[in-house]
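Listed here are the chains, written in short residue letters.
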Amino acid sequence: MADPAQLPVVLVTGLSGAGKLSILRLLEDLGFETVDNPPLPALEALAARAEQPLAIGVDARSRGFSAESVLNVLAWLRTRPRLKPTLLFATATDDVLLRRYSETRRRHPLAQNAPVSEGIALERALTAPLAEAADWLVDTSATPLPQLRAQIDSLFGTHAPGLALTLMSFSYAHGLPPGADLVFDARFLKNPHYDPGLRPLSGLDAPVGNYIEQDPDFQTYLSKIKDLLDFLLPRFVQEGKKYATICVGCTGGQHRSVYMIEKLNTYLTQRGWRAGVTHREAAKFARPAALPAQPVKE
């Protein structure tokens, strides 16, 4: 069994048009640093300096490319105890590759002045040793992107940071946050703004939270939001979503929405979700940092 402390390094190669770039993007979503088509002599230096999981795309366009040179780099990587190298080969049938080139109207990199079919045949022969030596052979001939994502997740998802949640409070007076995935309205709840003692405070202050919780509809509403998130978030992960922004708004973005976001953050982090909190209107109620005490002059 491999040492879990080893750093994954995935060499992604294969046939042009078989989905290598899509695989690199999927690995990037899983937390890998990705580099496409570097000169082969640079691969060892890239891997040696890696500080996070690394995916490197290499193919016939790479300077100095040959199957033997890629296999030599792979063999060197396997001598490094800090690294966990993997060779992934993307392939597809000739008819699928021909159709993809026809749809994009691009030239094959190995057949700039010849039919695409000749380039495919040449590249297939050139990369045959890599296909044979690959740890994972990924055939994208009949694989839609969601299925490819699930396949890459199953192979390398243990290195993924998971679904990243942003929890944001906001004021409706200043508009909806751009990029919001889910928006909940807290304006119907009892408003602390009309209590002079609470008005200068925010949803981060306990007296405001106690006031909001006195609303008979608060707990029911919060519970329904929690139930909805328990249902939706696993489906987001299942569909390959990597980021989600959940927003709660109120009139001023200072009391009710702030308190609800804090409650949701506590609930979601306790359930294992990775969440970050943003209070968009915080400039209105953030307290200045205390100044350091000054020495008393005698």
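Participant: When you look at the sheet that holds strand 4 (residues 83-91) in this model, what are you seeing that I'm missing?
Facilitator: Strands belonging to one sheet form pairs held by backbone hydrogen bonds; the direction of such a pair is parallel or antiparallel. Taken in spatial order, the five strands line up as 2-3-1-4-5 in an open sheet, and their pairing is parallel. Pairing within the sheet leaves two strands with one partner each, and these edge strands are strand 2 (33-36) and strand 5 (136-139). The mean angle between the axes of side-by-side strands here comes to 20°, regardless of whether they run parallel or antiparallel. In this sheet, strand 5 lies alongside strand 4 in parallel orientation, the contact comprising four bridges. If you follow alanine 90 over to strand 5, its bridge partner there is valine 138.

Participant: For this particular structure, what's the right way to read the pattern of salt bridges?
Facilitator: When their charged atoms lie close together, side chains carrying opposite charge are able to pair. Enumeration according to the criterion identifies 10 salt bridges in this entry. Residues aspartate 94 and arginine 124 are paired through a salt bridge, measuring 2.6 Å at the closest nitrogen-oxygen approach. Note that aspartate 94 is positioned in helix 4 (residues 94-104) and arginine 124 in helix 5 (residues 116-133), a separation of 30 residues in sequence. One salt bridge connects arginine 271 with aspartate 230, and the closest N-O pair in it is separated by 3.2 Å. With arginine 271 in the loop between helix 9 (256-270) and strand 9 (274-279) and aspartate 230 in helix 8 (residues 218-238), the pair connects residues that are 41 residues apart, well separated along the chain. Several salt bridges share partner residues, and in doing so they unite Lys20, Asp36 and Asp59 into one network.

Participant: What is the right way to read the packing of aromatic side chains from this model?
Facilitator: The geometry of an aromatic ring pair is captured by the separation of the ring centres together with the interplanar angle, meaning the angle of the planes. Applying the stated rule across the entire model yields four aromatic pairs. A ring pair is formed by phenylalanine 32 and phenylalanine 156, whose centres lie 6.2 Å apart and whose planes are at 80°; its orientation type is edge-to-face. Remark: phenylalanine 156 occurs in helix 6 (residues 145-156) and phenylalanine 32 occurs in the loop between helix 1 (20-29) and strand 2; sequence separation between them is 124 residues. Note on phenylalanine 32: relative accessible area 2%, which makes it buried. The exposure class assigned to phenylalanine 156 is buried, which follows from its relative accessible area of 4%. Look at phenylalanine 170 and tyrosine 172: their rings are 4.8 Å apart centre to centre, the planes differ by 55°, and that puts the pair in the tilted class. Looking at tyrosine 172, the relative accessible area reads 22%, which means it is partly exposed. Geometry around tyrosine 211 places lysine 190 over its ring, the cationic atom sitting 4.7 Å from the centre.

What counts, and where the lines are drawn
- Residues numbered from 1 in each chain as written.
- Predicted model: local features only at pLDDT ≥ 70, side-chain atom pairs only at ≥ 80, totals over all residues.
- Heavy atoms only, no water.
- Pairing = 2+ DSSP bridges.
- Helix = DSSP H or I, 4+ residues; strand = E, 2+ residues; numbered from the N terminus.
- Axes fitted to C-alpha atoms, helices over the stretch in contact; angles between N-to-C directions.
- Salt bridge = Lys/Arg side-chain N within 4 Å of Asp/Glu carboxyl O.
- Phe/Tyr/Trp six-rings, centres within 6.5 Å; stacked < 30°, edge-to-face > 60°.
- Buried < 20%, exposed > 50% of the residue type's maximum accessible area, 1.4 Å probe, protein only.
- Lys NZ or Arg CZ within 6 Å of the ring centre and 35° of its normal.

Shape is all these values report; function is a separate question.
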